[in-house]
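# Residue-level structural notes
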There are 4 protein chains.
Amino acid sequence: MSPTAPPLSRDLIDSLNAQNLAALQDEYHSLGRVLERRGCAIDAIKQRLLSFSLAQPSWGTGVGGTRFARFPLAGEPTHLNEKLEDCAVVQQLSRITPRVSPHFPWDKIGDARAMLERATSLGLRFDAVNSNTFQDAPRQALSYRHGSLAHTDAAVRAQAVEHNIECIRVGEALGSKAITVWIGDGTNFPGQQSLASSLDRYLESAAQIYAALPPGWSMLLEHKLYEPAFYSTVISDWGSSMLAAQQLGPQARCLIDLGHHAPNVNIEQIVARLHRFGKLGGFHFNDSKYGDDDLDSGSINPHQLFLVFNELVEAELRSPADFDPAYMIDQSHNVTDPIESLLSSADAIAGAYARALLVDRAALTEYQQGNDVMMAFQTLRRAYNVDVTPIVAMARYERGGAIDTIAAYRQSGWRPRKARERRATSAGAGIV
Amino acid sequence: MSPTAPPLSRDLIDSLNAQNLAALQDEYHSLGRVLERRGCAIDAIKQRLLSFSLAQPSWGTGVGGTRFARFPLAGEPTHLNEKLEDCAVVQQLSRITPRVSPHFPWDKIGDARAMLERATSLGLRFDAVNSNTFQDAPRQALSYRHGSLAHTDAAVRAQAVEHNIECIRVGEALGSKAITVWIGDGTNFPGQQSLASSLDRYLESAAQIYAALPPGWSMLLEHKLYEPAFYSTVISDWGSSMLAAQQLGPQARCLIDLGHHAPNVNIEQIVARLHRFGKLGGFHFNDSKYGDDDLDSGSINPHQLFLVFNELVEAELRSPADFDPAYMIDQSHNVTDPIESLLSSADAIAGAYARALLVDRAALTEYQQGNDVMMAFQTLRRAYNVDVTPIVAMARYERGGAIDTIAAYRQSGWRPRKARERRATSAGAGIV
Amino acid sequence: MSPTAPPLSRDLIDSLNAQNLAALQDEYHSLGRVLERRGCAIDAIKQRLLSFSLAQPSWGTGVGGTRFARFPLAGEPTHLNEKLEDCAVVQQLSRITPRVSPHFPWDKIGDARAMLERATSLGLRFDAVNSNTFQDAPRQALSYRHGSLAHTDAAVRAQAVEHNIECIRVGEALGSKAITVWIGDGTNFPGQQSLASSLDRYLESAAQIYAALPPGWSMLLEHKLYEPAFYSTVISDWGSSMLAAQQLGPQARCLIDLGHHAPNVNIEQIVARLHRFGKLGGFHFNDSKYGDDDLDSGSINPHQLFLVFNELVEAELRSPADFDPAYMIDQSHNVTDPIESLLSSADAIAGAYARALLVDRAALTEYQQGNDVMMAFQTLRRAYNVDVTPIVAMARYERGGAIDTIAAYRQSGWRPRKARERRATSAGAGIV
Amino acid sequence: MSPTAPPLSRDLIDSLNAQNLAALQDEYHSLGRVLERRGCAIDAIKQRLLSFSLAQPSWGTGVGGTRFARFPLAGEPTHLNEKLEDCAVVQQLSRITPRVSPHFPWDKIGDARAMLERATSLGLRFDAVNSNTFQDAPRQALSYRHGSLAHTDAAVRAQAVEHNIECIRVGEALGSKAITVWIGDGTNFPGQQSLASSLDRYLESAAQIYAALPPGWSMLLEHKLYEPAFYSTVISDWGSSMLAAQQLGPQARCLIDLGHHAPNVNIEQIVARLHRFGKLGGFHFNDSKYGDDDLDSGSINPHQLFLVFNELVEAELRSPADFDPAYMIDQSHNVTDPIESLLSSADAIAGAYARALLVDRAALTEYQQGNDVMMAFQTLRRAYNVDVTPIVAMARYERGGAIDTIAAYRQSGWRPRKARERRATSAGAGIV
């Protein structure tokens, strides 16, 4: 087996890091003094970051779009091999995105073993597999126009179940440990379907997929308020997701995508609820202002991202033994170079986690117990206000990544080179 | 025991009905022909309406307000006796609101037996009792400023539990069969409380109330997205409500208030979900455009009210044996005479139910099974479009009510008379 | 010039109408009696409907989709000729959709004169032309990836302006009298563009288009809260649209699409505001539950559609001389046969208008003046509750349309025939 | 005239500052090096902060509440004298809140001159006056139950106009330069009022108030989506506010309250729009998650607050000559000590301003012009990530305030002392 060979030049990264190191060290030590005055050791926080990681979505390496248009980018990847290459660039620079989550049939591959070797040689592993029954694949026997796992026709349901089971089989070959099931089933008109029967059919189909789970695997259920269905969606909210996961069994858990909720909903409380009832499965990180906008993580509401991680840190403290949520970036990169967005987002997510780690939890609990509302809030705010850039960058540097990831990526000339090597993609609306 | 003595003159109602009867009969028969052509017997629909009823909230007889102001109405009731009187007016005219839901300590009474006799003499019964731990009552030992059932202080929780149990005891004396528990517990700041521990404390307190339930009683849990807490609320959505009800036991069920959801949420699907998992407890009917506006039922979105009843009719067909949701009007009458709003709303709710009964369910199911989206929708729309006023009015007339309830009420001179008899109320913000 | 030759068999429509006529007449006369008792002549309402009409969007004849998928329908049209044919079917059956609104470059045609003749022969005229600078057309010199009329690059703005002017030129040849300008310009990230400068550039470009308007033409500005841009949109709301229209001049007016607003916004008040300040340009009718869902008109919130028409009727009464809004259906038909959705929606829109005409405006004004809140509301509600199906159907029948449009369409076998004749379309996300 | 005599002990503040100074200096200098590397002088930023100030709302010194309840705080102020005292505490510690905005008739005073002297002696001045026609004051002749400036009855409108003019007169005596006009006028039912006529009446009344403006005064119009009216509001959005201000004249401008918008609306773009059209009047700072929650500024979405200030800094650069928005805190302190919330919020607002000043605008403009989306965003994000606490605290310290304001306030024992001195307040719903 070939040794790991990351795509970018080590020298480039080293030489850029050399330029940035002195400033980073000054900032890191300054911050260290600040945190020390708060009774917090900066190295301990950095240590926690060193064991934090995220999955990348294979499809996130391509340019996304809306139902109106997609604007292709010269050099974007066109098949899994190229997607893996781009993910390896992200991982080489960021060092916290070592896993790739494939989506089938988009990433359909002839030889799973070869693909696994390819990924390994790039320094990557495979994360949860994703099934797709919200689109009709070419040469698919039956259409998902009117649903998949919840379709009225048993034959369509069987086809959708079979596809999910096939995803599990491929996932086993790739070393995955989970399947993420998101369906678009729902309606656009009142009366279009029985809301009750649709769920019954979903549960029956999902149970068949669940039955095919290998030991140690998770089935991650992903809810979404709307889109592609615009009147009702079968698994529309965390309540539906939770009840489905309860009915399926212990290997079924719930996945939270930050953009899949009704306006104004308190997502961090959903984190706490899912954990409280043993069903917190993981996250699809992104950000949104209006709907499932799939914007870059933390770009719109970084405070919410911090509050989510604050709940995650709390959750881990409450039950450290079985705390193991799956973290993935899931964004649609419509107007940026996807590699840059993945780098920036990985940074934002790590920063939110770092800030959550800075919260003085003993003080917080005491203020909460005493109903000292202002000081409880200030305890969170004080941690949120810290510029954690030096900690995140230092952890990345120590793992061999770039101090300034986007600058390093730009200097590497990766995209222009790929624009010469890779075939062009077409316009047409994008899919995330 | 004194015989039933409704407050308004029978002659007045009769003479007004006499003026309206011919037109009503013409409309009823015309509609009968329309429905007959659709294979539906109008008398059968009317018959269903004759067994439909709603509870009135005692507090809904007073003028409500906002945090900014309340504008008193001359002649509004100031204690339970007067509230019962006004409810009796509503029931005498509408004939589908025979029960009154009391709220404690607002409706605190010395002698439950006397109160029950008073209600009975007015033709009324008592519905679910409501506890209040979202306000501090005069001379209350401990404050609910920082919560009640979920308070960090065990003594406050104990006081709140005790109040709920006292409500159950009074309810038993009044012939009630349920207690509705809505709490305002939540936070206004991130970090103010542990989201996880708050729920734990709520569940522990709620279990103590549950343990005090008499046989045959229900404990109805009412969730609400926000207000009075503006960052997080302990029982904020149907998912939290459902999980709490599951944990408490079979006598605990979930109550849906139409204004307690995030924007855009599909409430009719929540009806289907709660019923599917055996926890559909009942409704607080009202309407809203922005938040928990507590507007008159069906005044803003009558189609949604119809779709809710469509799910209720479906739910009853799926499990007729144990279908028994509690229906109540819960509105804040800020700019109308509360009696008129209750009359108008009872009418709107009955109309929504009548329209749902008109849906051709055999056709609907067939269209749904065949994914004939357009005709499935048209089947609902065709029922919704029917002007059911004649059916609702005829059912009311046959039960002894007024054909035109608001006109009859106005002609009775009730409010001006009460304005002379009752003491004036003060401004100050209103409570619903 | 060839005589008008509608696509469907006259005999088929007549024979189906013959089966439905007796029932329709019974319902029409029954309703006539009801309205007469309210002092309203049913024939007068019908007469108003006879002068009501809507435009169809050429693109609405195809199956739409989301960014996730499009599910093609066998027999859907693939170029303007076929789209016109389908529009002619809708018009032949409904008789209130005589105009077609083309979209360029989608409907780009070599010979405008031939196209106009083709439309005329089908009984159709052309409505407002629509420009498209939210997508890159094949062989387009400069990309709209980063905007069009508001782009930072003057050359891109010039290209977009030029395209709009070309649309006006083609529109003149087609007999249009307006151009609708909707742009996708906006941002996905805070900071991506200067919010102020973007508007400046838009206004400068729009002024150039405005300068090219022929006399008698309108420039209709269409705002939208979000999508395809997900952080900010240059013309995001009616305020921006209004200020732009004011600055451009008297031929510029504002267009309201019912799905382009923030959650909970009172759209009917926007109608009143735009009219009050002389800028009510017209409507894109559809319905929505979450965002710009482009669902069938009145399918989700028929009461809102009624309230919009209530404002329109009020507006016309206030200034009858210059009341001339452009009405168009603008929907995305993802799961239905587009012809059926257009028929059903035309019906729903006409029904909403009919109900608004039934409002007793003298009584309403009197109640409003006297602050009789309940009776003012009841005056609207009473009109809304009327089942106006017989009036709408009778008007349609008298104009030569089908009493039951969808049934007639299905019996005509149009779509199966076209499925044999027309070439298949591909999947790929849909565009509306 | 008596010399300025702030309420708290100078020694206390000094001694606490002495404990905190070394750490502050270390952090300030560390941050100075970071900013220097970015080409930014920390002292220049601090200098800008030294000329920044906010008004306090007199009513914000009391505990607020919801329509459900208010939970009084021992020692809260009960009349303007005590409110001024509390404002003086806030100003003494924070040094950026030197002005107080009074609300009439709540703050009605016999002798304006004495009140002005009292304020001056406390180191305070008066900001914009606020009128109140959304409540009925005791002994008021006509009720605002059905509206005020937009009421159907000319006598009610005249009374409301007269009250506003009286507010202006008092304001003149107090040295104010603006009146803020917010009305609750609107409806709870479709049809309740003519949406068009209501605006006409509002505009006519507002013009009468405008006519009474002294030279140099501003009339600030405050819009709000809903509450206390729940179906429609006369001045509901920035579009309505802008058109009203345009019609009134150059002294009329628009005020933005951060909680008065529909869900998801991009408020920072509204800032840019109002400024672009010359009508940016000022701000009521607070925060919200659901509606007009009136939470502490920046507590829920601090990034949005930063983006608002980013637009303000941009606006000032575009037109420095006439840039003069009125800044005020407007919050409802339901669960905290109001003084602590005002201190914390003043800090958060100053911090948001400081971060906006840190944005490298030359780089930003260049990235925007070149459509370098990622780097434009990073330019904002880089400034937002800075922990500006040391700059804000140093500016405050140099102006004589407390480095740690809340700690100093708590050590002063102010509230417990006032709890002994001031009379108790009652429960009852709160008003903000």
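Thresholds applied
- Residues numbered from 1 in each chain as written.
- Chains lettered and ligands numbered in written order.
- Predicted model: local features only at pLDDT ≥ 70, side-chain atom pairs only at ≥ 80, totals over all residues.
- Heavy atoms only, no water.
- Contact = heavy atoms within 4.5 Å.
- Buried area = accessible area lost by both parts, 1.4 Å probe.
- Salt bridge = Lys/Arg side-chain N within 4 Å of Asp/Glu carboxyl O.
- Buried < 20%, exposed > 50% of the residue type's maximum accessible area, 1.4 Å probe, protein only.
- Helix = DSSP H or I, 4+ residues; strand = E, 2+ residues; numbered from the N terminus.
- Arc of directions from axis to C-beta.
- Core = buried A, V, L, I, M, F, W, Y, C linked by side-chain atoms within 4.5 Å.
- Axes fitted to C-alpha atoms, helices over the stretch in contact; angles between N-to-C directions.
- Parallel < 35°, antiparallel > 145°, perpendicular 65-115°, else oblique.
- Left-handed = near helix turned anticlockwise from the far one by under 90°.
- Least-squares fit on C-alpha atoms with pLDDT ≥ 70 in both.
- Phe/Tyr/Trp six-rings, centres within 6.5 Å; stacked < 30°, edge-to-face > 60°.
- Lys NZ or Arg CZ within 6 Å of the ring centre and 35° of its normal.
- Lys, Arg positive; Asp, Glu negative; His and termini not counted.
- Polar contact = N/O pair within 3.5 Å; in protein donor to acceptor, adjacent residues only side chain to side chain.
- Right-handed = clockwise from strand over helix to strand, strands pointing away.
- Pairing = 2+ DSSP bridges.
- Nonpolar A, V, L, I, M, F, W, Y, C, P; charged D, E, K, R; others polar.

Under an unreviewed UniProt entry, the name given to chain A is Xylose isomerase-like TIM barrel, and the source organism is Hydrocarboniphaga effusa AP103.

## Brief notes about the interface of chain C and chain A
Interfaces are often sized by the accessible area lost when the parts come together. Opposite the 48 residues of chain C that make contact, chain A presents 48 residues. Of the roughly 4,200 Å² buried at the junction of chain C and chain A (both faces included), carbon and sulfur atoms supply 61%. In this structure, the connection of chain C to chain A is made through six salt bridges. Glu227 of chain C serves as the salt-bridge partner of Arg67 of chain A, at 3.0 Å between the closest nitrogen and oxygen.

## Focus on helix H2 (residues 42-50) of chain C
Residues Ile42, Ile45, Lys46 and Leu49 of chain C constitute the buried set of H2 of chain C. Down the axis, H2 of chain C shows its buried residues gathered within 100° of arc, on one side only.

## A word on the interface of chain B and chain A
Chain B puts 52 residues into the contact, and the matching count from chain A is 52 residues. Summing both partners gives a buried area of about 4,800 Å² for chain B against chain A, and 55% of it is carried by carbon and sulfur. For the chain B face of the interface with chain A, the top three residues by lost area are Leu195, Leu243 and Asn371 of chain B, together amounting to 12%. Our enumeration of links across chain B and chain A arrives at four salt bridges. With its nearest N and O atoms 2.4 Å apart, the salt bridge here joins Asp200 of chain A to Arg276 of chain B.

## Quick look at the nonpolar core
Residues Tyr202 of chain A, Tyr202 of chain B, Tyr202 of chain C together with Tyr202 of chain D are the most contacted members of the largest nonpolar core, which totals 547 residues. Not counting residues up to four positions away in its chain, the partners in contact with Tyr202 of chain D are Leu149, Ala150, Ile183, Leu221, Val234, Ile235 and Ala244 of chain D.

## As for the packing of helix H2 (residues 42-50) of chain D against helix H13 (residues 389-398) of chain D
Residue and element names in this part refer to chain D. Remark: H2 packs on H13, axes separated minimally by 9 Å, with the N-to-C direction vectors making an angle of 60°. Taken together, the axes of H2 and H13 are oblique relative to one another. When you trace H2 past H13, the crossing you get is right-handed. Facing Ile42, Ile45, Lys46, Leu49 and Leu50 of H2, the residues of H13 in contact are Ile391, Val392, Met394, Ala395 and Glu398.

## Brief notes about the relation of the copies chain B and chain A
Superposing chain B onto chain A takes a rotation of 180° plus a shift of 0.0 Å along the axis, which leaves an RMSD of 0.0 Å. What the superposition gives is, in effect, a two-fold axis relating one chain to the other. For chain B, the residue whose C-alpha comes nearest the rotation axis is Gly239 of chain B, separated from it by 2.1 Å.

## What about the environment of Ala363 of chain B?
Structurally, the position occupied by Ala363 of chain B is in helix H11 (residues 361-369). Separated by 66 residues in the primary sequence, Ala363 of chain B and Ser297 of chain B place their C-alpha atoms 29 Å from one another.

## Side note on the pattern of salt bridges
For the structure shown, the criterion picks out 122 salt bridges over all chains. Among the salt bridges present, the one from Arg361 of chain A reaches Glu314 of chain A, with a minimum N-O distance of 2.7 Å. Of this pair, Arg361 of chain A sits in helix H11 (residues 361-369) while Glu314 of chain A sits in helix H9 (residues 302-318), and the two are 47 residues apart along the sequence. The same class applies to Arg361 of chain A and to Glu314 of chain A, which are both buried. One salt bridge connects Arg422 of chain B with Glu82 of chain B, and the closest N-O pair in it is separated by 3.7 Å. On the criterion of sequence distance, the pair formed by Arg422 of chain B in the segment after helix H15 (414-421) and Glu82 of chain B in helix H3 (residues 80-94) is long-range, its members being 340 residues apart.

## Some words on unusual backbone geometry
Following Phe104 of chain A, the chain continues to Pro105 of chain A via a peptide bond in cis, the omega torsion being 10°. Note that Pro105 of chain A resides in the loop between strand E2 (99-101) and helix H4 (112-121). A positive phi angle is found at Arg95 of chain B, which is not glycine, with a value near 65°. Relative to the elements of secondary structure, Arg95 of chain B occurs in the loop between H3 and strand E2 (99-101). Look at Arg95 of chain B and you get partly exposed, because its relative accessible area is 22%. Positioned with a positive phi, Asn371 of chain C is a non-glycine residue whose angle comes to about 50°. Along the chain, the position of Asn371 of chain C falls in the loop between helix H11 (361-369) and helix H12 (373-385). Accessibility expressed as a relative area gives 15% for Asn371 of chain C, which makes it buried.

## Quick notes on the packing of aromatic side chains
The full count for this structure, using the stated rule, is 68 aromatic pairs over all chains. Geometrically, the ring pair formed by Tyr226 of chain C and Phe230 of chain C is tilted, given 6.3 Å between the ring centres and 50° between the ring planes. Ring geometry for Phe283 of chain C against Phe285 of chain C: centres 5.2 Å apart, planes inclined by 5°, an arrangement best described as stacked. Accessibility assignment for this pair places Phe283 of chain C and Phe285 of chain C in one class, buried. The ring of Tyr384 of chain A has Arg355 of chain A sitting right over it, with the charged end atom 5.2 Å from the ring centre. Sitting over the face of the ring of Trp414 of chain D, Lys418 of chain D holds its NZ or CZ atom 4.4 Å from the ring centroid.

## Structural notes on the side chain of Asp296 of chain A
Mapping Asp296 of chain A onto the fold places it in the loop between strand E10 (280-285) and H9. Look at Asp296 of chain A: it is buried, it has no salt bridge, and the nearest opposite charge is Arg381 of chain D at 9.1 Å. Engagement of the side chain of Asp296 of chain A in a polar contact is seen with the side chain of Gln331 of chain A, the distance being 3.4 Å. Residue contacts for Asp296 of chain A: discarding those within four places in its chain leaves Asn286, Asp287, Gln331, His333, Ser341 and Ser345 of chain A, Phe189 of chain C together with Met374 of chain D.

## A few points about the relation of the copies chain C and chain A
For these two chains of identical sequence, chain C goes onto chain A by a turn of 180° and a shift of 0.0 Å along the axis, with RMSD 0.0 Å. Of all interface residues in chain C, 100% are interface residues in chain A too; the two copies therefore contact each other through one and the same surface.

## Some thoughts on the side chain of His163 of chain D
Residue and element names in this part refer to chain D. Of note, His163 is situated in helix H5 (residues 154-174). Classification of His163 by relative accessible area gives buried; the value is 14%. Discounting residues that sit within four places of it in the chain, His163 has contacts with Phe104, Pro105, Ser131, Asn132 and Thr133.

## Brief notes about the pairing of strand E5 (residues 178-181) of chain A
All names here are of chain A. By the alternation rule, side chains of E5 split into Ala178 and Thr180 and Ile179 and Val181, which are all buried. Assessed by its sense of winding, the connection that carries the chain from strand E4 (residues 129-130) through helix H5 (residues 154-174) to E5 is right-handed. As defined by bridge partners, E5 adjoins strand E7 (residues 218-222) across four bridges and the pair is classed as parallel. The partner of Ala178 across the bridge, within E7, is Ser218.

## Regarding the packing of helix H6 (residues 195-211) of chain A against helix H8 (residues 267-276) of chain B
The geometry of H6 of chain A relative to H8 of chain B is characterised by a closest axis approach of 9 Å and an angle of 55° between their N-to-C directions. Judged by the angle between their axes, H6 of chain A and H8 of chain B are oblique. The element H6 of chain A and its partner H8 of chain B pack so that their crossing is right-handed. Along the contact surface, H6 of chain A presents Leu195, Ala196, Leu199, Asp200 and Leu203 of chain A, while H8 of chain B presents Glu268, Gln269, Ala272, Arg273 and Arg276 of chain B. Partitioned by chemical class, the residues of the contact of H6 of chain A with H8 of chain B number five nonpolar, one polar and four charged.

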